[in-house]
Amino acid sequence: MPDFKIKALTPETFDDFAGLLERNGGMFASCWCTKFHPDCAEKGQSAEANRALKQRLVAEGAAHAALVYVGDRAVAWAQYGSPEELPSIQHRKEYLATAERIPDYRITCIQVERGLRGQGLAAMALRGAVELIAQVGGGLVEGYPHDTGGVRKKNSSFLYNGTRTMYEREGFTYDRPKGQVNCVMVRRVAPTAGD
């Protein structure tokens, strides 16, 4: 297996992120993973507007992700951010009605390059997001994966945030269901030593 490294999504790594999404159709419906960001005029207008919005949010420090690299090519990523940065989660009304607390960070989207899926890159991206969160002070982190009952689906392209099993392997615990097929997973992330 090749050597992988994690880098944060920044203005300097945006083109690598863009390359990953362009090779994979701009994410679902060319949203450029803007779906979970706050509503604004650019959002959802077109693939080009979504790309420009994402690039602007990254430049403003209002969009975060862990990018997984093989050499100089980004091959996977996991989006994370504060609830203010990523308020538009699926089943939000149900989520808020059942929430006992709001997390410091949420992980809302994971993407792995087609042709490289099934090799553990989604878990690596999730791990990278947790590491980057730890570097900025840690806190309570939530993810909203699909609860597949431990059954690996043949077509994993719809698993936009991974599976409950993957989150459990990465130290998250089950909190509650969210919608018909998703769930809320939580993990307390300690700050990296020296923070």
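With that settled, the discussion passes to the packing of helix 1 (residues 14–23) against helix 2 (residues 47–59). Put simply, helix 1 and helix 2 touch, their axes get as near as 11 Å, and they point 150° apart. By the angle class used here, helix 1 and helix 2 are roughly antiparallel. Crossing hand, helix 1 versus helix 2: right-handed. Where helix 1 abuts helix 2, its residues Phe14, Asp15, Phe17, Ala18 and Glu22 lie against Arg51, Lys54, Gln55 and Val58. Its residues assigned to classes, the contact of helix 1 with helix 2 comprises four nonpolar, one polar and four charged.

Right, let's talk about unusual backbone geometry for a bit. Residue Cys33 is not a glycine yet carries a positive backbone phi of 55°. For Cys33, the location among the structural elements is in the loop between helix 1 and helix 2.

All right, on to the side chain of Arg176 then. When you line up the elements, Arg176 lands in strand 6 (residues 173–178). For Arg176, a relative accessible area of 9% puts it in the buried group. Looking at Arg176, its side chain comes within polar contact range of the side chain of Thr98, at 2.7 Å. Apart from the residues within four sequence positions on either side, Arg176 is in contact with Tyr95, Thr98, Ala99, Arg101, Glu142, Cys183 and Val184.

Cut-offs applied
Residues numbered from 1 in each chain as written. Predicted model: local features only at pLDDT ≥ 70, side-chain atom pairs only at ≥ 80, totals over all residues. Heavy atoms only, no water. Axes fitted to C-alpha atoms, helices over the stretch in contact; angles between N-to-C directions. Helix = DSSP H or I, 4+ residues; strand = E, 2+ residues; numbered from the N terminus. Parallel < 35°, antiparallel > 145°, perpendicular 65-115°, else oblique. Left-handed = near helix turned anticlockwise from the far one by under 90°. Contact = heavy atoms within 4.5 Å. Nonpolar A, V, L, I, M, F, W, Y, C, P; charged D, E, K, R; others polar. Buried < 20%, exposed > 50% of the residue type's maximum accessible area, 1.4 Å probe, protein only. Polar contact = N/O pair within 3.5 Å; in protein donor to acceptor, adjacent residues only side chain to side chain.

In short, the description is geometric, and any link to function would need to be established separately.
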